[in-house]
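Results of the structural survey
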Amino acid sequence: MRLQKRASEPEAMDEIVMYNRRFVQERRYERYQTEKYPKKKLAILTCMDTRLTELLPAALGLENGDAKIIRNAGGVTRDAYGSEVKSLLVAIFELGVTKIMVIGHTDCGVEKMDSIQMIEKIRKRKIKIESLERSGSGGFDLNEWLSGIQEVEEAVRDTVSLLKEHPLVPEDVGIFGFVMNTETGELMEVKESDCLF
Ligand SMILES: [Zn+2]
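Right, let's walk through the structure included here. (Residues numbered from 1 in each chain as written. Predicted model: local features only at pLDDT ≥ 70, side-chain atom pairs only at ≥ 80, totals over all residues. Heavy atoms only, no water.)

**What about the coordination of the zinc ion?**
- Around the zinc ion, the protein contributes the donor atoms Cys47 (SG), His105 (NE2) and Cys108 (SG), at 2.0 to 2.2 Å from the metal centre.
- As a motif over one chain, the donors of the zinc ion read C-x57-H-x2-C. When sorted by exposure, His105 lands in the same class as Cys108, which is buried. (Donors = N, O, S within 2.8 Å, 3.2 Å for Na, K, Ca; no water. Buried < 20%, exposed > 50% of the residue type's maximum accessible area, 1.4 Å probe, protein only.)

Structural data, given as structure tokens:
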């Protein structure tokens, strides 16, 4: 645990906070008002890529209130008990979701991401990682944890399988995999592997 204080730069937030004040004063929120239960009973797991922020909902015809959208680096998960799956379970059991779309995308930064290079960047910021261990777990493989995905279609397929086989995900929840074209928003369906071996 690092105890040093973070650099405080309130001016970095000024523009956004000022915008927010005007947004509320001018009641521009009114066109977004909706309820918390997703109208389309849909949850989407996708990447945090900035190019998808508006493109993805627009390309799927989704408006505020239509779907739960969970975003992370890559839009996939290898962790059956990580925060993405937990969020999807909340979406299913608490919010009435019956369909899940896992949407990777072309030109994803996480594809072929090199954890060795990222660890180098961490070290250059003078962060000491040698003693990093998850207490009680007998060590923590930072290299493995930070590693990217090899190929987006395969990663989407693996995430769809993980969810379909998950002991807490009901069988009547539809789970579908796609890759979105980051330029055009076109969806390409990721079919389950034909390979039987
Ligand atoms: Zn991405």
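Next, the rest of the story.
**Notes on helix 3 (residues 83-93)**
- Of all the residues in helix 3, the buried ones are Glu84, Val85, Leu88, Leu89, Ala91 and Ile92. In a view along the axis of helix 3, the buried residues occupy a sector of 160 degrees, so they form one face of it. Exposed and oriented more than 90 degrees from the buried face of helix 3 are Ser83, Lys86 and Phe93.
- The inward-facing, buried residues of helix 3 contact strand 1 (42-47), strand 2 (67-72), strand 3 (99-105) and helix 6 (152-164). (Helix = DSSP H or I, 4+ residues; strand = E, 2+ residues; numbered from the N terminus. Arc of directions from axis to C-beta. Contact = heavy atoms within 4.5 Å.)

**Section: the layout of surface pockets**
- Looking at the largest pocket, its volume works out to about 560 Å³.
- Lining the largest pocket are 17 residues; nearest its centre among them are Ala73, Arg78, Glu84, Trp145 and Ser147.
- A per-element tally of the lining of the largest pocket places helix 5 (residues 142-146) first, with three residues.
- For the lining of the largest pocket, the residue count by class is nine nonpolar, three polar and five charged.
- The calculated volume of the second largest pocket comes to roughly 460 Å³.
- Around the second largest pocket sit 19 residues that line it, and Pro57, Leu62, Glu63, Asn64 and Gly65 are the ones nearest its centre.
- Those elements that provide at least two residues to the lining of the second largest pocket are helix 2 (52-60) and strand 2.
- Considering every element that reaches the lining of the second largest pocket, the biggest residue donor is helix 2, with five residues. (1 Å grid on protein atoms, 1.4 Å probe; cavity = no way out; pocket = protein on both sides within 12 Å on 5 of 7 lines; lining within 4 Å. Points joined across faces, edges and corners; volume = space filled by probe spheres on them. Nonpolar A, V, L, I, M, F, W, Y, C, P; charged D, E, K, R; others polar.)

**Overview of the sheet that holds strand 2**
- Spatial strand order, 2-1-3-4-5: five strands in an open sheet with mixed pairing. A strand with exactly one partner marks an edge of an open sheet, and here the two such strands are strand 2 and strand 5 (187-190). Adjacent strand axes in the sheet meet at a mean angle of 25 degrees, parallel and antiparallel pairs treated alike.
- Pairing of strand 1 with strand 2, which is carried by six bridges, proceeds in the parallel orientation. Along strand 2, the bridge assignment pairs Cys47 with Asn72. (Pairing = 2+ DSSP bridges. Axes fitted to C-alpha atoms, helices over the stretch in contact; angles between N-to-C directions.)

**Quick look at the nonpolar core**
- In this structure, Ile44, Ile100, Val102, Ile103, Val156, Leu163 and Ile175 are the most contacted members of the largest nonpolar core, which totals 37 residues.
- For this core, the elements supplying multiple residues, two or more each, are strand 1, helix 2, strand 2, helix 3, strand 3, helix 6 and strand 4 (174-180).
- A total of six residues in this core trace back to one element, the largest contributor, which is helix 6.
- Excluding residues that lie within four positions of it along the chain, Val102 makes contacts with Leu45, Gly75, Val76, Val156, Thr159, Val160, Leu163, Phe176, Gly177 and Phe178. (Core = buried A, V, L, I, M, F, W, Y, C linked by side-chain atoms within 4.5 Å.)

Limitation: the analysis is restricted to geometry and does not speak to function.
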